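Here's the letter readout for the chains.
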Amino acid sequence: MIQIEPEKQVRIEKYKTKSDECFENNDYETSIDLLVQAWGEIPQPKGLYPDTYNIVRDIIDTFTVIKNYKSAKQWLNHLYTSDFERIDDGEREFLSGTIYYELGELNVAKEFFDIANKKSEGRSFEGQDVKYIKLLKGS
């Protein structure tokens, strides 16, 4: 992985820290805005930098907390083009499945859950809401 220029990395860390503070204070919109600013600091191609996955994941997770699944879905593509060296354990597909599930796109959700289940050998579903595995198993 390539390292980000030190001054940009400092700005990214400040955005992330402020975002965490806003999240803890239930100011989710500001938290997201700060994460988007951190995302903007990362040079192209973003997938070469390790911070990208966690930033996108935090954006999606925060949209999920406020049940803004449509906006979360818009960030899914960034998740797949982030941190190219990250282990492909099905987490991306599981998260995609949950977003599509919550949007009512159950056929698409099931396809993502199937991929996540295979990649993770079922571990993706551990500790998660049983509604997701029920959709996959058809029960």
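All of these numbers come straight from a predicted model, not from anything done at the bench.

**Considerations on the confidence of the model for the protein chain**
For the protein chain, mean pLDDT is 95; residues scoring 70 or higher make up 99% of the total. Per-element confidence in the protein chain ranges from a low mean pLDDT of 95 for helix 7 (residues 130-137) to a high of 98 for helix 2 (residues 28-41).

**So, a negative patch on the surface**
A surface patch of negative charge is lined by Asp20, Glu21, Glu24 and Asp58. At three residues, the largest contribution of residues to the negative patch is made by helix 1 (residues 6-24). Within the fold, Asp58 resides in helix 3 (residues 51-65).

**Things to note about the nonpolar core**
It is characteristic of soluble globular proteins that their nonpolar side chains tend to be buried jointly. Membership of the largest hydrophobic core comes to 31 residues, with the highest contact counts inside it found for Ile42, Ile55, Ile59, Ile60, Trp75, Leu79 and Phe113. Looking at this core, the elements with two or more residues in it are helix 2, helix 3, helix 4 (69-80), helix 5 (91-102), helix 6 (106-120) and helix 7. With six residues, the single largest contributor to this core is helix 3. Other than its neighbours up to four places away in sequence, Ile42 contacts Ile4, Ile12, Tyr49, Asp51, Thr52 and Ile55.

**Focus on unusual backbone geometry**
With an omega dihedral of -15°, the bond running from Gln44 to Pro45 counts as a cis peptide bond. Tracing the chain through its elements places Pro45 in the loop between helix 2 and helix 3. Unusually for a residue other than glycine, Asn26 sits at a positive phi of about 65°. Along the chain, Asn26 falls in the loop between helix 1 and helix 2. Residue Asn26 is classed as exposed on the basis of its relative accessible area of 51%. Of note in the backbone geometry, Asp83 takes a positive phi value of approximately 45° without being a glycine. Tracing the sequence through the fold places Asp83 in the loop between helix 4 and helix 5.

**Overview of the pattern of salt bridges**
Taken as a whole and assessed by the stated rule, the structure comprises 13 salt bridges. Between Asp88 and Lys119 there is a salt bridge, with its nearest N and O atoms 2.7 Å apart. Note that Asp88 is positioned in the loop between helix 4 and helix 5 and Lys119 in helix 6, a separation of 31 residues in sequence. With a relative accessible area of 44%, Asp88 lands in the partly exposed category.

**Quick word on the packing of aromatic side chains**
Taken as a whole and assessed by the stated rule, the structure comprises nine aromatic pairs. Consider the rings of Phe94 and Tyr132, whose centres lie 5.8 Å apart with planes at 90°: the pair is edge-to-face. Separated by 38 residues along the polypeptide, Phe94 in helix 5 and Tyr132 in helix 7 bring together distant segments of the chain. The exposure class assigned to Phe94 is buried, which follows from its relative accessible area of 8%. A relative accessible area of 9% means that Tyr132 is categorised as buried. Through a chain of ring-to-ring contacts, three or more aromatic side chains come together here, namely Phe94, Tyr101, Phe113, Phe125 and Tyr132.

Rules and cut-offs
- Sequence positions are assigned chain by chain, starting from 1 and proceeding in written order.
- Where local features are concerned, this predicted model is filtered to residues with pLDDT of at least 70; where side-chain atom pairs are given and counted, the filter is 80 or more; whole-chain, interface and lining totals use all residues.
- Neither water nor hydrogens contribute to the side-chain values; these are computed over all heavy atoms in the structure.
- A residue's pLDDT is simply how confident the predictor is in it, with values from 0 to 100.
- Numbering of helices and strands runs from the N terminus, with a helix taken as a DSSP run of H or I at least four residues long and a strand as a DSSP run of E at least two residues long.
- Candidates for patches are residues over 30% relative accessible area with no salt bridge; among them, like charges are joined within 9 Å and nonpolar side chains (Val, Leu, Ile, Met, Phe, Trp, Tyr) within 5 Å.
- Values of accessible area rely on a 1.4 Å probe in the Shrake-Rupley scheme; residue burial ignores everything except the protein chains shown.
- By definition, a salt bridge exists where a carboxyl oxygen of Asp or Glu is found within 4 Å of a side-chain nitrogen of Lys or Arg.
- Charged residues are defined here as Lys and Arg on the positive side and Asp and Glu on the negative side; His and the ends of the chain fall outside this count.
- To locate a charge, take atom NZ for lysine, CZ for arginine, CG for aspartate or CD for glutamate.
- To define a nonpolar core, start from buried Ala, Val, Leu, Ile, Met, Phe, Trp, Tyr and Cys residues and group those joined through side-chain atoms within 4.5 Å.
- Using a 1.4 Å probe on the protein chains alone, a residue whose accessible area is under 20% of its type maximum counts as buried, one over 50% counts as exposed, and one in between counts as partly exposed.
- Pairs of residues are marked as contacts when any of their non-hydrogen atoms sit within 4.5 Å.
- Side-chain rings of Phe, Tyr and Trp, where Trp is taken by its six-membered ring, are said to pair if the distance between their centres is within 6.5 Å; with planes under 30 degrees apart they count as stacked, over 60 as edge-to-face, and otherwise as tilted.

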